[in-house]
Structures are given as structure tokens and as C-alpha cells.
Amino acid sequence: MTTRLIIKDFGPISSADVEIGKFTVVIGTQGTGKSSLAKLFSMFSWLEKSLVRHNITESQITRGKFANKKFCEFHRISSYFHEDTYLKYQGKHYTFEYKEQKMELSFTNGVDFTVPKIEYIPAERNILSASEKPSALKGLPENLLAFLDDYEMAKGKLKEFNLPLSSHPVSFEYDQLNKISWLNGKNFRIRVSESSSGYQSLLPLCLVSKYLTDLIIEKKDTQLTNEEKQKLRKEVESIMSKDLSEDVKDAMLSNLSQRYGYSYFINIVEEVEQNLFPTSQKEILYYLIAQCNRLDGNRLFLTTHSPYIVDYLTLAVKASSIYNASNNKEEAANAMNDIVCKDAYVDADKLNIYQITEAGEVRLLPMSGGLPSDSNYLNMSLAQTNDMFNDLLDVEEM
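A brief structural summary. As the structure is a prediction and not an experimental result, all values here were calculated from the model. (Residues numbered from 1 in each chain as written. Predicted model: local features only at pLDDT ≥ 70, side-chain atom pairs only at ≥ 80, totals over all residues. Heavy atoms only, no water.)

## A few points about unusual backbone geometry
Stage number 1. A positive phi angle is found at Asp9, which is not glycine, with a value near 55 degrees.
Stage number 2. Position of Asp9 among the secondary structure elements: in strand E1 (residues 3-10).
Stage number 3. Positioned with a positive phi, His54 is a non-glycine residue whose angle comes to about 60 degrees. (Helix = DSSP H or I, 4+ residues; strand = E, 2+ residues; numbered from the N terminus.)

In C-alpha cells, the structure reads:
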């Protein structure tokens, strides 16, 4: 299940041809377009889902100026459109094409109507943890408010939760009566709003990712809006009134039911490493991978500035390769458990890492021997520091 996104002259991105599979990672310096790519993927995924679920019509997308529509404003990308912007999104059910300042779309799949739950987790997420009453904060962007809704639901559902930090275990506890979030450690108990920025960034990311994955797996997401219930009722009545065989009616009703329930989870995370020590980056990365691996259809899309994230992904790919080639898989998994737990293995053919140049060109990071190449921008930045230090030593000897 691969999605393709083609971009030309959109915001800071000059050109991109990206295949989005199970695991997708985007690296690059500030302002080169990592978030722009993530937001476009989030927006088109949401539009496709909304079309399948009949929550939006094709004309609402294609009529008028696309850049001014609410779904562009939601991700704050309305000003990113240029006169010559070209966008093409090839999804599971629809193809969207934006050219000459007009949006066109075509239906490509009329059989499988499974749809995802989509979560966009912005870099500003720690604001929600730092405040006791984040809903009262003024001026929060819509995408952060939408994430806040799921965060509040997750806190209420997962009232007790162990953060994925094995080196210094910390647990989350939610006092629903007083609306207070707590962190409990070996020698402390503090409010989340008074905790370190790392915890404040880590907690909402972990809670929401687990909550939504659990929700889909447990098939508990059956709450529809009144409008959705009315549409569903009308479509069911239409199917049942037709002169069709029972088998055909059952098949149509099965497809219809899939529209209104989520079958997999698309998790889009900005700056996964935010405010975290390297070992904590590893643990949160592997936690998110493990959540993604719980369902075949799940997808994880990450943006990062951290060289450690790419290195830890390399370990996850290598561990998967060793495990798949092993004659005694259980023994291999146990031997590697302290490095990479089995739940966090990543198959090389399910991982795409993209680099964005300072000129805004999005390029696929080549794989070397089935592993992400060391010749990536983040590792090269570290190497430059070593070169600079050698230059300083040369000056010292002058």
C-alpha cells in the first residue's frame, strides 16, 4: 500500500517525488520543507478519507481557489501556493492533481473502502503539556487544537501509563476528577505542567499514539456524528430496497460499514526527537515503530533533525534482516532484545528516508547493503565538525 506525492514549487520545496509506505522519514535543515511535505500528506490523506466516508463532496474540493479552503488553512499552508505550484497525490482511492491553480481529482478504487484514522502530531505539542488548561489558551492553531482533542481523550482512557524510558522508569497518572496530570518516578511525583520539556514533548506523543492504535485494534471507534448516522441509514435503506441477491447486499453492506470505521492508523509526527536525550530518542522511536507494527496497514511518517534517529533506524533494519535470515528466530530475537526489541524491527523494503537539500529538492536516501546509507546530511554535519576541529589543531600548530 504505497502512496505517491509529487510536488513542484510549493513553499520551500522546489521538487519532490515521494513514495510513502509503511515507514517514511524526512530529514533536512530548518525551513527546507520537512513539515510542508508532512502537512501535504496529512491533508490529502484526510481529503481522501472524507470523500470515501461522504463527509465532503468532490465539488467542495475542486470549486474555487483551493489554497483558501479550510483544509489548507488547518495546516497553515495557504500562503505556500505559488502561481506555478504543481501537486499530485496518488492515494488508495483517489488521485488529486493541482495544476494551473486548479484542483482536479479522479476516483481510482471502487472495491476496498477501508479508511484510516489520521493523526498529525505537531512540534508544538509540548505547549499542551506545559499548561494545566491548554483549551483556554488563546491563538492556538487548528491542527494543535485537533491534536489536543485526541490528547484529552487519551488521558481519560489511559489513566495510568508507563513511559517507554527503561533507563529511568516514569509513569503517567491522570486525576480525572481534578483534571491534573502527574508523573511518578522513583524519587518524585510532579505535575506534568511542571516537568521537563522532554517529558512534556514525549507524553502526548506516546499517549495519543497508543490510544488511537488501541482504539482501532479493539474496534471501539463506533461513535458517529448525527450527520454520519443519517447518511449511513439512508445508504443502508437504499441497498436493502434494491432487487439484489442476499450475497450482493451483504457485500455492499460490508463495504459500507468499512467506510464508517477505521481500519488502520496513519501517524504523522513532527520532530520526533524534540527535547530528548539520545537514548530517549531511541526508545520513543522504537515505541512508535512497535505501535505501527501492530497492524499491517498502519503507517508512520516522521520528520527529524537528529542523526541518532537515522542511526537507530539502521539498527532496526539490521535486526530485522538478522531475524529473517536466522534458523533459530527465537534465539536471535532474545540475543538482540537489549539492542532492538522484536516489536520494533523494520524491513528494509518498508522504509524510505528522504533528504531535502537547501535548494528544496527532495531526494531518496540510497540504501547500502540493505541499510540506510551513512552518507546522509545529518552524518555529514557531524563529520564537518570533526574536520573543523582538525583545522583548529592545524592553526594551533602554526
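Back to the text.
## A closer look at the sheet that holds strand E10 (residues 180-184)
Stage number 1. Strand order in the open sheet formed by four strands is E8-E9-E10-E11, with antiparallel pairing between adjacent strands. The open sheet has two edge strands, strand E8 (160-162) and strand E11 (189-191), and neither has a second partner. With direction set aside, neighbouring strand axes in the sheet form an average angle of 25 degrees.
Stage number 2. Pairing of E10 with E11, which is carried by three bridges, proceeds in the antiparallel orientation. From the neighbouring strand, Asn184 faces E11, where its bridge partner is Arg189. (Pairing = 2+ DSSP bridges. Axes fitted to C-alpha atoms, helices over the stretch in contact; angles between N-to-C directions.)

## Structural notes on the pattern of salt bridges
Stage number 1. Counted under the stated rule, the structure contains nine salt bridges.
Stage number 2. The salt bridge involving Glu173 is made with Arg189; its shortest N-O contact spans 2.9 Å. Here the residue Glu173 occupies a position in strand E9 (residues 171-175), and Arg189 occupies one in strand E11, the gap between them amounting to 16 residues.
Stage number 3. For Glu173, a relative accessible area of 27% translates into the label partly exposed.
Stage number 4. Asp214 is paired through a salt bridge with Lys210; the nearest N and O atoms lie 3.1 Å apart. Of this pair, Asp214 and Lys210 both sit in helix H6 (residues 197-217), four residues apart, which is roughly one turn of that helix. (Salt bridge = Lys/Arg side-chain N within 4 Å of Asp/Glu carboxyl O. Buried < 20%, exposed > 50% of the residue type's maximum accessible area, 1.4 Å probe, protein only.)

## Here we look at the layout of surface pockets
Stage number 1. In this model, the second largest pocket occupies a volume close to 450 Å³.
Stage number 2. In terms of lining residues, the second largest pocket is bounded by 27 residues, among which Lys22, Phe23, Asn293, Asp347 and Lys350 are the most central.
Stage number 3. Among the residues forming the lining of the second largest pocket, the class breakdown is nine nonpolar, eight polar and 10 charged. (1 Å grid on protein atoms, 1.4 Å probe; cavity = no way out; pocket = protein on both sides within 12 Å on 5 of 7 lines; lining within 4 Å. Points joined across faces, edges and corners; volume = space filled by probe spheres on them. Nonpolar A, V, L, I, M, F, W, Y, C, P; charged D, E, K, R; others polar.)

## A look at the environment of Arg76
Stage number 1. With respect to the secondary-structure elements, Arg76 resides in the loop between helix H3 (70-74) and strand E4 (81-90).
Stage number 2. In this structure the C-alpha to C-alpha distance between Arg76 and Leu313, which are 237 residues apart in sequence, comes to 30 Å.
Stage number 3. If we skip the residues at most four places from it in the chain, Arg76 touches Glu124, Pro141 and Asn143.
Stage number 4. A polar side-chain atom of Arg76 sits 3.4 Å from a polar atom in the side chain of Glu124. (Contact = heavy atoms within 4.5 Å. Polar contact = N/O pair within 3.5 Å; in protein donor to acceptor, adjacent residues only side chain to side chain.)

## Side note on the nonpolar core
Stage number 1. One finds Phe44, Ile61, Phe66 and Phe96 to be the most contacted residues of the largest nonpolar core, which totals 105 residues.
Stage number 2. Of the residues forming this core, the biggest block, 11 residues, is contributed by H6.
Stage number 3. When near neighbours in sequence (up to four residues on either side) are disregarded, Phe66 contacts Met43, Leu47, Ile61, Phe71, Cys72, Phe81, Tyr98 and Met103. (Core = buried A, V, L, I, M, F, W, Y, C linked by side-chain atoms within 4.5 Å.)

## Considering the state of the cysteines
Stage number 1. Per the stated rule, a full pass over the model turns up zero disulfides.
Stage number 2. Its sulfur unpaired, Cys292 is 13 Å from the next cysteine sulfur, which belongs to Cys341. (Disulfide = S-S within 2.5 Å.)

## Describing the pairing of strand E5 (residues 94-99)
Stage number 1. Extensive coverage of E5 is indicated by the burial of five of its six residues.
Stage number 2. As paired elements, E4 and E5 share four bridges and run antiparallel to each other. Looking at the pairing, Leu87 lines up with Tyr98 of E5.
Stage number 3. Here six bridges tie E5 to strand E6 (residues 102-107), and the two strands are oriented antiparallel to one another. From the neighbouring strand, Phe96 faces E6, where its bridge partner is Leu105.

## Let's talk about the sheet that holds E1
Hydrogen bonds along the backbone pair up the strands of a sheet, which may run parallel or antiparallel.
Stage number 1. The five strands are arranged E2-E1-E4-E5-E6 in an open sheet whose pairing can be described as antiparallel. With partners counted over all chains shown, the strands left at the sheet margins are strand E2 (13-20) and E6, one partner each. For this sheet, the mean inter-axis angle between neighbouring strands, taken without regard to orientation, is 10 degrees.
Stage number 2. Its contacts with the sheet place helix H1 (residues 34-52) against E1, E2, E4, E5 and E6, and it is angled at close to 125 degrees to E1.

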